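Here are the chains, one letter per residue:
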Amino acid sequence: MNEITPPPPLAPNDLSAFWMPFSANRAYKSAPRMLARAEGMSYFTPDGREVIDGTAGLWCVNAGHGRREITEAIQRQAAVMDFAPTFNMGHPIAFQAAAKVADMTPDGLDHVFFTNSGSEAADTALKVALAYQRARGQTQRVRLIGRERGYHGVGFGGMSVGGIGANRRQFGTLLPHVDHLPHTHAPERNAFSRGLPEHGAHFADALENLVALHGDTIAAVMVEPLAGSTGVLIPPKGYLARLRELCDKHGILLIFDEVITGFGRLGTPFGAERLGVIPDMLTMAKGLTNAAVPMGAVAVSDAIFTTIVEGAPAGIEFFHGYTYSGHPLAAAAAIASVDLHRSEDLPGRARALEDYFADAAHSLKSAPNVVDIRNFGLVAGIELQPRRGKPTERAMRIFHRCFDAGVLIRTTADIIALSPPLIAERHHVDRIFGTIAEAIRAEAA
Ligand SMILES: Cc1ncc(COP(=O)(O)O)c(C=O)c1O
């Protein structure tokens, strides 16, 4: 293997060409903050300043940055075979990667469809649900149910089933035949809960109302078991079990979007296991390759796979796929990532740190303008009182203060969302929450 010398981290001299995603382009480009290198728990700026990663990139880098095992697997595969199609053709590493992933998913979810992102995984799962209902003769089941404040990426399917108003507003009529359950956020009863909140299982009963309204036309319900992007909403005790029960009662598929809860984040390989509810399908991305190469996937039950594939006439059974489904470099990264999760017991590490992390998060309870703190696994949300007439400003200023003090956090509206790599140690947790506490106090002064 050749030693690869990284290029010097040059600052770009023209910021105009890159239209940045989900970004305030004008504000960012007027005062850019750059990340140039990463290792373990840390990023480094172009001038070499260390920034502790409190967000695993974007809920992605669960095994920590720059893992040699993953980098070398990608390098080896790039040298052996850069690309091969998977449409009516195969290459061994895609099959190996699918088997590895199936080994990690909950029992019974053993068939894996590869995509390139969480958004594509969400849209794929929705299409599988529709194809399944049609294949079993329930052709009237064309309706898809999401949840208010849900995030399932930015494809038309995931965006429509998603429930974040700002993500939908600019884009016309979206997908037809979509409805939403209420979100589960109930701060009046659950504020400052540690772990699963006590109140709110009844929010799942709204599915009965949707069935009363739409009859037997519902194909699937898709939810994040723990909602991340909207600002960390933890499922109330009993809520997911109730949703499972109602889906079974009414012949509706249950899809968990595990793009952020998968790969150890909640202390088990997938959130489904920790939360004790197994869906019919689950989506994943991010931690799947430790984000070293883009990849997503959908794991589906035997019943769904068999109904669609075995029930079809000879020929293509499911008219869906991506040029890069099972891309060799992504497959190599996924295998190495799953192996790291196993050999280093990353879910176990998350579990072992969880109480310490929760104590640190809840120690901010008395900080000024903190109106709620919620946590589960290695995820925490700290909700701040917005400045009057200036939503998001307080959180954004705290974000900048933290970055300048050497800690990367994530904010959504006025909520700080934390999800460090699962290799974090206590001193990282101290540093992350200590820096946030100082930033919150400085902003209130
Ligand atoms: C639950 C969930 N689903 C889907 C997505 C979309 O993933 P991607 O950005 O890879 O398309 C995300 C991204 O944060 C997510 O959190």
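From a predicted model like this one, the values you see are computed outputs, not experimental measurements. (Residues numbered from 1 in each chain as written. Predicted model: local features only at pLDDT ≥ 70, side-chain atom pairs only at ≥ 80, totals over all residues.)

## A short note on the overall build of the protein
Secondary structure summary: the protein contains 16 helices and 15 strands in total. Since a compact globule built from 445 residues should have a radius of gyration of about 22 Å, the 22 Å found for the protein is in line with a globular shape. The principal-axis extent of the C-alpha atoms belonging to the protein is close to 65 × 60 × 45 Å. Here the protein, with 445 residues, has 47% of them falling under the buried criterion. For the protein, contacts bridging at least 24 residues in sequence account for 73% of all contacts bridging at least 6. (Helix = DSSP H or I, 4+ residues; strand = E, 2+ residues; numbered from the N terminus. Rg over C-alpha atoms; globule rule 2.2 N^0.38 Å. Buried ≥ 20, exposed ≤ 12 C-beta atoms within 10 Å, placed from the backbone. Contact = placed C-beta atoms within 7 Å.)

## Observations regarding the domain arrangement of the protein
How big an interface is tends to be stated in terms of accessible area lost as the parts join. Domain boundaries in the protein define domain 1 (25-63 + 345-444) and domain 2 (71-343). Residue-level contacts link 31 residues of domain 1 with 30 residues of domain 2. At the level of secondary structure, the elements contributing two or more residues to the side of domain 1 that touches domain 2 comprise α2 (56-59), α14 (346-362), β11 (370-376), β12 (379-384) and β15 (415-418). Broken down by element, the residue count for the side of domain 1 that touches domain 2 peaks at 7 residues, all from α14. When grouped by side-chain class, the residues that make up the side of domain 1 that touches domain 2 number 17 nonpolar, 8 polar and 6 charged. (Domains from an automatic or database assignment. Nonpolar A, V, L, I, M, F, W, Y, C, P; charged D, E, K, R; others polar.)

## Re the nonpolar core
With 124 residues, the main nonpolar core has A220, V221, A297 and A333 as its most contacted residues. If one sorts the elements of this core by residue count, helix α13 (residues 328-343) sits on top with 10 residues. Lining this core are residues from two domains, each supplying at least three of them: domain 1 (25-63 + 345-444) and domain 2 (71-343). Excluding residues that lie within four positions of it along the chain, A220 makes contacts with L126, A129, L144, I145, I252, L253 and I255. (Core = buried A, V, L, I, M, F, W, Y, C linked by C-beta atoms within 7 Å.)

## Looking at the sheet that holds β15
Within the open sheet, the 4 strands sit side by side as β11-β12-β15-β14. Their pairing is antiparallel. Edge positions in the sheet fall to β11 and β14 (410-412), since each of these pairs with one other strand and no more. In this sheet, adjacent strand axes meet at a mean angle of 20° when their direction is disregarded. (Pairing = 2+ DSSP bridges. Axes fitted to C-alpha atoms, helices over the stretch in contact; angles between N-to-C directions.)

## Description of unusual backbone geometry
Of note, F263 is a non-glycine position whose phi angle comes to about 60°, a positive value. Inspection of the secondary structure puts F263 in the loop between β8 (253-257) and α11 (271-275). Despite not being glycine, A291 shows a phi value in the positive range, around 65°. Among the secondary structure elements, A291 is positioned in the loop between β9 (281-284) and β10 (296-300). Note on A291: 22 C-beta atoms within 10 Å, which makes it buried.

## Looking at the packing of helix α3 (residues 68-80) against α13
At a closest axis distance of 8 Å, the pairing of α3 and α13 adopts a crossing angle of 150°. Of the possible angle classes, the one that applies to α3 and α13 is roughly antiparallel. For α3 against α13, the interelement crossing comes out right-handed. Where α3 abuts α13, its residues E69, I70, A73, I74, R76, Q77 and A78 lie against P328, L329, A332, A333, I335, A336, S337, D339 and L340. (Parallel < 35°, antiparallel > 145°, perpendicular 65-115°, else oblique. Left-handed = near helix turned anticlockwise from the far one by under 90°.)

## Regarding the pairing of β12
The buried fraction of β12 amounts to 6 of the 6 residues, a majority that puts the element mostly inside the structure. Of the two faces of β12, both are covered, the one formed by V379, G381 and E383 as well as the one formed by A380, I382 and L384. The hairpin turn running from β11 into β12, its antiparallel successor, is 2 residues long, and G377 in that turn takes a positive phi close to 55°. Sheet topology places β12 next to β15; 4 bridges connect them, and they run antiparallel. Paired with G381 across the bridge in β15 is A417.

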